[in-house]
Amino acid sequence: MDHLIVIKVFLPIVDALAPHARVIIPNIPGYGFTDIDKEERFQHSLSEITEMISDLLHALNVRRVDLAVGHSAGCFPLLLLCSVSQQPKFHAAAFMNPVGHRPWKAVRPLYKLALVNAMWSKPWLRWLLRLIFARIVTALGIGGNPESLIYTIRTILGVPLSSIPSLLVRIDVMNLPILVAYGDNDRFIEAEITAEFGKLLGVEEWQIVERENCEQDKLDQNYKEPSAGTRYAKGLLVKGGTHYIYRDCPALINDSLLDLLRFVSSKSKL
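Residues numbered from 1 in each chain as written. Predicted model: local features only at pLDDT ≥ 70, side-chain atom pairs only at ≥ 80, totals over all residues. Heavy atoms only, no water.

Visitor: I'm lost on the sheet that holds strand 5 (residues 178-183) in this one. Help?
Guide: Strand pairing in a sheet relies on backbone hydrogen bonds, with the paired strands running either antiparallel or parallel. The five strands are arranged 2-4-5-7-6 in an open sheet whose pairing can be described as parallel. Two strands lie at the open edges of the sheet, namely strand 2 (68-71) and strand 6 (207-210), each paired on one side alone. In this sheet, adjacent strand axes meet at a mean angle of 15° when their direction is disregarded. In terms of strand pairing, strand 5 meets strand 7 (residues 235-239) through four bridges, oriented parallel. By the bridge assignment for strand 7, Val180 is matched with Gly235. Packed on one face of the sheet, helix 3 (residues 75-83) meets strand 2 and strand 4 (93-96) and runs near 160° to strand 4. (Pairing = 2+ DSSP bridges. Helix = DSSP H or I, 4+ residues; strand = E, 2+ residues; numbered from the N terminus. Axes fitted to C-alpha atoms, helices over the stretch in contact; angles between N-to-C directions. Contact = heavy atoms within 4.5 Å.)

What follows is the structure, encoded as structure tokens:
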């Protein structure tokens, strides 16, 4: 799950996981390959997004989710889906470059986002915002629909950040297997906020890898190959890593996700 990046950038992860599990990529309206909701009936609230994902899984007759992966603002619905008692049940979660449980630098002060959202409500100002959004998307090199930025802004504005810590603690108490992975050179989110996010989820130790080494020897011999389901990294910090950690160190991230998937799959067979 991700709120901005076009789906094709996640295909290396899909390729790594597909031989081992059925992979489903929810496409939120207005993102990726879906059409723009010109009538804006879908307001991109957190409750709408989680309900849409839940309905999709029910429609596909998915009874359990062994591993759910979220990136950036896509971690918000993932938190909600994992922390509530529902069907299908989520058995593990990976949070890549998760947005914060308190305002992070890219959204501070929050009134900036509220102002942009208010401007978008004025049809005569949308042309200007579309130009700005297009430049931002191009500068970030993420592709996709520039208007999806306003959808992400709406989601962030609608999230009660004060409730996020309790969700994180609940997931920790549930003993849900998790992975938190991030880079300390993230232009959007402070490293200390992500470290706090991980601590609330129960991450006590971080596997630290240098970005320049992660694709060569992964620094640690234990990460030469994915495990056979006996272990997984709960926290992964890439020194020099950016907001797009899955692009910085694709092999390392893929192996870490496989470790978590195999751990959960091995437990389900007991």
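On we go.
Visitor: Got a minute to help me understand the state of the cysteines in this structure?
Guide: The bond known as a disulfide is covalent and runs between the sulfur atoms of two cysteines. By the definition in use, this model includes zero disulfides. With no disulfide of its own, Cys75 lies closest to Cys82 among cysteine sulfurs, the gap being 9.8 Å. A relative accessible area of 2% means that Cys82 is categorised as buried. (Disulfide = S-S within 2.5 Å. Buried < 20%, exposed > 50% of the residue type's maximum accessible area, 1.4 Å probe, protein only.)

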